[in-house]
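As a plain string of letters, each chain reads:
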Amino acid sequence: MINLITTVGTSLFRNYGIASNDENYKCMGDKPYECYQEYLNESKQVERAIISFYDNKDSTDDISAEIKTTKKVKESLNADIDVYLLASDTIISCLAANIIKYFLEKDDIRVHFNPELYVIKGLQVQNRKKFINEGLSNLITRVNTILKENNPGNVAFNISGGYKVTIPYFTLMAQINRCSTYYTFENTEELIEIPAAPISINDEMFNKYRKEFEELSSYINDYDRWKNNHHEFTNIAKSCIETYGNIASLSPIGEILWGNYKNKYVSFFATDEVVGKIKENKELANKLLKILGNEEIRKRKTEKKGKHLVYDDGNNGFRIIYIDHDDKIYVYAAFDHEPDELKFLDDPKQSNKMEDYDFEYYAINKQALTSGKSDWLEKPPLLPPFRRRT
């Protein structure tokens, strides 16, 4: 299975010949996605016209660059493909994504496109400052989320569509995550692959300055003062910092590198008892990795059993009992034997309240755990422990 991240452009409108002579299309212009409902009638008319025109054609390859490249990647790799369509913050890009989704699904290709997730807010080319500060940042965040939820080894990039200005950033993200990049060469039928290069990122800087990167990812309001207190870091990591007056945040390169580093780890809080169990039981540790790394799986397999939230792995004995608080996971019980879990749940003395436990902050190195290395569990000094109330 290959997860193909695909940027969406507007070539399908040019190919259909609608871009210059259709009043419904022209009135939408470069209007932002937030106006979509206002132009719903116009967009539906354009969508119906294009789908009706191509629906009975023998081949849909030439509808758009995104479709052509996707189908060529599927053919070249001889693999099933899941497509993630990323649209710009415009009505017509969302419309293009809906049409592309329709035709790819007709060819039995699974497509992810929920406009609330995959229309990238601020990604437009009318306002450079908004593009850099909002659009590019949101684009990088969305791509990092897709990479986090999938094994990067099973992710590739299709850059045939979308804004050309995003190509360098997509190429950088692909290379540092060791993903291949694909596009169809100009007006030919030739599929071009940019394979993943043997690039390795030195994690030592991120290990040492994890706290500084975390703070920059949430913005620094008094950068002059902060810089004086973090002089060594700001000298080393200049390319990772973007400033706006006395406000600072991660630059696009900083966001890409920090996202790549964070995707190597999943973090959580746990009691000493839980940590002891997962250290002794790698299969239990892998179950914990699964629920920490994929929110969709965690929510789908979590049940309320009495007063406790329980991740139930299914037809086996693995169960993880946790608290979800402020986007952080606190694990206070874990089992690989169902009778032990039932005994815990039946005991009225077992609390489901954070203040009744001592939690320490941990991070799992995903690659180290899956490759069988012994140093897969780390205790970074980023967040303080949570102590029970006395």
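Please refer to the structure higher up on the page.
**Let's talk about the nonpolar core**
Argument step 1. Among the nonpolar cores identified, the biggest contains 81 residues, and Phe 13, Leu 86, Phe 113, Val 143, Phe 157 and Phe 170 are the most heavily contacted of them.
Argument step 2. It is helix α5 (residues 91-106) that provides the largest number of residues to this core, a total of 10 residues.
Argument step 3. Listed in part, the 26 residues of the second largest apolar core include Leu 284, Ile 297, Ile 320 and Tyr 322.

**Regarding the packing of helix α10 (residues 210-217) against helix α13 (residues 252-263)**
Argument step 1. Direction vectors running N to C along α10 and α13 enclose 120 degrees, while the axes themselves pass 11 Å from each other. In terms of orientation, α10 and α13 fall into the oblique class. You can see that α10 and α13 cross each other, and the crossing is left-handed. Within the contact between the two elements, α10 uses Arg 210, Phe 213, Glu 214 and Ser 217 and α13 uses Trp 258, Tyr 261 and Lys 262.
Argument step 2. For the contact of α10 with α13, the residue count by class is 3 nonpolar, 1 polar and 3 charged.

**With respect to the sheet that holds strand β12 (residues 319-325)**
Argument step 1. Across the sheet, 7 strands lie side by side as β10-β11-β12-β13-β9-β14-β15; this open sheet has mixed pairing. Edge positions in the sheet fall to β10 (302-305) and β15 (377-378), since each of these pairs with one other strand and no more.
Argument step 2. Bridge count for strand β9 (residues 265-270) against strand β13 (residues 328-335) is 2 bridges, and the pairing is parallel. Bridge pairing links Ala 270 to Val 331 in β13.
Argument step 3. Its contacts with the sheet place helix α14 (residues 272-280) against β9, β13, β14 (360-365) and β15, and it is angled at close to 65 degrees to β13.

**Focus: the pattern of salt bridges**
If charged atoms from side chains of opposite charge come close, those side chains can pair.
Argument step 1. Going through the model one piece at a time under the given rule, you end up with 21 salt bridges.
Argument step 2. Overlapping salt bridges bring together Lys 305, Asp 312, Arg 319, Glu 338 and Glu 341 as one network.

**Some words on α13**
Argument step 1. If you check α13, its first and last C-alpha atoms are 16 Å apart, about what 12 residues at 1.5 Å a residue would give, namely 16 Å.
Argument step 2. Burial of α13 is extensive: 10 of the 12 residues sit out of reach of the surface.
Argument step 3. Pro 252, Gly 254, Glu 255, Ile 256, Leu 257, Trp 258, Gly 259, Asn 260, Tyr 261 and Asn 263 are the residues of α13 that are buried.

**So, the packing of aromatic side chains**
Argument step 1. Inspection of the entire model under this criterion finds 27 aromatic pairs.
Argument step 2. Relative to Phe 213, the ring of Phe 206 has its centre 4.7 Å away and its plane inclined at 40 degrees; by these criteria the two rings are tilted. Comparing Phe 206 with Phe 213, the two get one shared label, buried.
Argument step 3. Grouped by ring-pair contacts, the aromatic residues Phe 206, Tyr 209, Phe 213, Tyr 223, Trp 226, Phe 233, Trp 258, Tyr 261 and Tyr 265 constitute a single cluster.
Argument step 4. Across from the ring centre of Tyr 265, 5.4 Å away, lies the NZ or CZ of Arg 210, which sits over that ring.

Quick notes on the rules
- Residues numbered from 1 in each chain as written.
- Predicted model: local features only at pLDDT ≥ 70, side-chain atom pairs only at ≥ 80, totals over all residues.
- Heavy atoms only, no water.
- Core = buried A, V, L, I, M, F, W, Y, C linked by side-chain atoms within 4.5 Å.
- Buried < 20%, exposed > 50% of the residue type's maximum accessible area, 1.4 Å probe, protein only.
- Helix = DSSP H or I, 4+ residues; strand = E, 2+ residues; numbered from the N terminus.
- Axes fitted to C-alpha atoms, helices over the stretch in contact; angles between N-to-C directions.
- Parallel < 35°, antiparallel > 145°, perpendicular 65-115°, else oblique.
- Left-handed = near helix turned anticlockwise from the far one by under 90°.
- Contact = heavy atoms within 4.5 Å.
- Nonpolar A, V, L, I, M, F, W, Y, C, P; charged D, E, K, R; others polar.
- Pairing = 2+ DSSP bridges.
- Salt bridge = Lys/Arg side-chain N within 4 Å of Asp/Glu carboxyl O.
- Expected span 1.5 Å × (residues − 1).
- Phe/Tyr/Trp six-rings, centres within 6.5 Å; stacked < 30°, edge-to-face > 60°.
- Lys NZ or Arg CZ within 6 Å of the ring centre and 35° of its normal.

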